[in-house]
Amino acid sequence: MAEPEAPAITGTITGSLVLAADDPAALARFYGALLNVEPQPGLSSTHWRVPWPAGGWLEVYAPSRSRPHPRQPGRLALCLQRKADATGTLAVLHDWIATALELGASVGDPPRQEPFGAEAWLLDPEDNRLLLLVWPDP
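Reference entry: report on the structure contained in this document. Here the structure is a predicted model, which is why all the values come from computation and not from measurement.

## Focus: the sheet that holds strand β8 (residues 129-135)
Hydrogen bonds between backbone atoms are what pair the strands of a sheet, whose relative direction is either parallel or antiparallel.
For step 1, the next point in the chain: Here four strands make up an open sheet; going across it, the order is β5-β8-β7-β6 and the pairing mixed. Both edges of this open sheet fall to β5 (78-83) and β6 (106-114), since each of them pairs with a single strand only. Averaged over all pairs of adjacent strands, the angle between strand axes in this sheet comes to 15 degrees, irrespective of strand direction.

## Observations concerning the packing of aromatic side chains
For step 1, the next point in the chain: Tallying each qualifying case throughout the model produces one aromatic pair.
For step 2, the next point in the chain: Measuring from ring centre to ring centre gives 4.9 Å for F30 and Y31, while their planes differ by 85 degrees; the resulting arrangement is edge-to-face. Just as F30 is buried, Y31 falls in that class too.

## Overview of the environment of L78
For step 1, the next point in the chain: With respect to the helices and strands, L78 occurs in strand β5.
For step 2, the next point in the chain: Overall, L78 belongs to the buried group, its relative accessible area being 12%.
For step 3, the next point in the chain: Between the C-alpha atom of L78 and that of L19, which follows or precedes it by 59 residues, the distance is 9.7 Å.
For step 4, the next point in the chain: The contacts of L78, once residues within four sequence positions are left out, are L17, L19, Y31, W52, L58, R129, L130 and L131.

## Side note on the nonpolar core
For step 1, the next point in the chain: Core analysis: the largest hydrophobic core is formed by 27 residues, its most contacted members being Y31, L58, L80, L130 and L132.
For step 2, the next point in the chain: Counting only elements with at least two residues in this core, the list comes to α1 (24-35), β4 (57-61), β5, α2 (89-102), β7 (117-123) and β8.
For step 3, the next point in the chain: No other element matches the six residues that α1 contributes to this core.
For step 4, the next point in the chain: Apart from the residues lying within four places of it in its own chain, the contact partners of Y31 are L19, V50, L58, L78, D124 and L130.

Reading guide: rules and limits
Residues numbered from 1 in each chain as written. Predicted model: local features only at pLDDT ≥ 70, side-chain atom pairs only at ≥ 80, totals over all residues. Heavy atoms only, no water. Pairing = 2+ DSSP bridges. Helix = DSSP H or I, 4+ residues; strand = E, 2+ residues; numbered from the N terminus. Axes fitted to C-alpha atoms, helices over the stretch in contact; angles between N-to-C directions. Phe/Tyr/Trp six-rings, centres within 6.5 Å; stacked < 30°, edge-to-face > 60°. Buried < 20%, exposed > 50% of the residue type's maximum accessible area, 1.4 Å probe, protein only. Contact = heavy atoms within 4.5 Å. Core = buried A, V, L, I, M, F, W, Y, C linked by side-chain atoms within 4.5 Å.

Right, here's the structure in full:
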C-alpha cells in the first residue's frame, strides 16, 4: 500500500519567537535596547515586534484575559550571541551584562568562561530566562 502524499505547502513560511508579557511595551524596549534595534508597534496596542538578529521577529504581547499565560519557569530560553573583540570574551560579556542590568535584567547565574566562549544566564525584566553568549574571535 502506498504512503499518502503530504499536502504541498505553498507560499513562504516565516518564523518568529513569541513572548508573553505583563508590560509588552517595556519588555520590547528592553530587548530593543539590548539588541540596539528599534521596537515596532505590532498588530494591536498590546503587541510589539523587535527585529531578531537571526531574522524574523521577537513578538511581545499581552495575553488575552480569557487565555492567560502565567509566568512559569521552563527549559526554553532566549539566547543572544556576539563575538568578542580584542578585550576578550569575559570583558565583552561583563560589559553586556552591565548594559542588561541597567535595562532591568537580573543575574541568574554569574558569568563564566567555557571552552566555547563566555556565558551568563540572566532574567529579563519579566523573569524570562536569557542566555548571553560571547564567542571568541578566531
